Amino acid sequence: MAEVKLDAQVRTEFGKGAARRTRRANQVPAVVYGHGAEPVHITLPGHALMMALKTANVLIGLEIEGKDALVIPKAVQRNPLKGDIEHVDLLTVKRGEKVNVEIAVHTEGDLAPGGNLLEYVMNTLLVEAEATHIPESVTVSIAGLDAGASVLAKDIPLPEGSVLADDENAVVLQVVAAQAEEPAAEAAEGAEGAEA
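Everything in this summary refers to the structure shown in the same document.

Rules of the game
Residues numbered from 1 in each chain as written. Predicted model: local features only at pLDDT ≥ 70, side-chain atom pairs only at ≥ 80, totals over all residues. Heavy atoms only, no water. Buried < 20%, exposed > 50% of the residue type's maximum accessible area, 1.4 Å probe, protein only. Helix = DSSP H or I, 4+ residues; strand = E, 2+ residues; numbered from the N terminus. Pairing = 2+ DSSP bridges. Core = buried A, V, L, I, M, F, W, Y, C linked by side-chain atoms within 4.5 Å. Axes fitted to C-alpha atoms, helices over the stretch in contact; angles between N-to-C directions. Contact = heavy atoms within 4.5 Å.

1. Thoughts on the pairing of strand S2 (residues 27-33)
Where a strand is regular, its side chains alternate between the two sheet faces.
Logical step 1: When you tally the buried positions in S2, you get five out of seven residues, the bulk of the element.
Logical step 2: Hairpin connection, S2 to strand S3 (residues 40-45): the antiparallel pair is bridged by six residues, and Gly34 has positive phi, about 130°.
Logical step 3: Direction of pairing for S2 relative to strand S6 (residues 85-93): parallel, over a ladder of four bridges. Counted as the bridge partner of Tyr33 is Leu91 from S6.

Spelled out as structure tokens, the structure:
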């Protein structure tokens, strides 16, 4: 996984007014946590942060007052209407350190014929991986699965260096039979026949 470099400035102003001024300057307020250190309040360049966060579990290299820090996003708050990033919590990591992260579950292949539906019980899996080698996602083959079939967390092949941190017997995907609906015209005729 590529590392994204961002310049950070330490924040000295706090509160709603300060946060609004920061956002107007196309900066995003953030807090860096981890390794028993006091949280560090910073601002990050808005556009560069938005581009970095397009990659799931991105590894970010920060320069804070001349010191380098490696972080991963822990929580991202977005404006519910505009979708703009309003605040980010970052977690400090070290090279070689193992971290627990959620990775997306993708599927490939076609279900068995018959109009079955695939239900995602879980969209992500919790895995433990080295901080500098976090996988973006896993892909599961659903080829030929029929109604009633399910895929458990332990059945999903993980990328090298990753270990499942979720319940291994948790259902991730399941195939359900499509429900046949009674056509409205037949239902109306049946109701008229009952009245006569």
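2. Section: the nonpolar core
Logical step 1: Ranked by internal contacts, the top residues of the largest apolar core, which has 24 residues, are Ile72, Val93, Val99, Val101, Leu125, Ile156 and Val172.
Logical step 2: Those elements giving two or more residues to this core turn out to be strand S5 (67-78), strand S7 (98-108), strand S9 (124-130), strand S10 (137-141) and strand S13 (171-176).
Logical step 3: With four residues, the top contributor of residues to this core is S7.
Logical step 4: If you look at the next biggest cluster of nonpolar residues, it comprises 18 residues, including Leu6, Ala30, Leu44 and Leu53.

3. Re the side chain of His87
Logical step 1: Mapped onto the elements, His87 comes out in strand S6.
Logical step 2: Given the relative accessible area of 16%, His87 is considered buried.

4. So, the sheet that holds strand S4 (residues 59-64)
Logical step 1: On the basis of which strands lie adjacent, the closed barrel formed by six strands has the order S1-S3-S2-S6-S5-S4 and mixed pairing. Across the sheet, the mean angle separating the axes of adjacent strands is 45° when strand polarity is ignored.
Logical step 2: Alignment of strand S1 (residues 3-10) against S3, held across two bridges, turns out to be antiparallel. Bridge pairing in S3 links Val10 to Ile42.
Logical step 3: Strands S2, S3 and S6 of the sheet are contacted by helix H1 (residues 16-24), whose axis makes an angle of about 120° with S2.

5. Observations concerning the sheet that holds strand S11 (residues 150-152)
Logical step 1: Read across the open sheet, the three strands follow the order S8-S13-S11; overall the sheet is antiparallel. Two strands lie at the open edges of the sheet, namely strand S8 (117-120) and S11, each paired on one side alone. Across the sheet, the axes of successive neighbouring strands diverge by a mean angle of 15°, strand direction being ignored.
Logical step 2: Inspection of the sheet shows S11 paired to S13 by three bridges, in the antiparallel sense. Each bridged residue has a counterpart across the sheet, and for Leu152 the counterpart in S13 is Val171.

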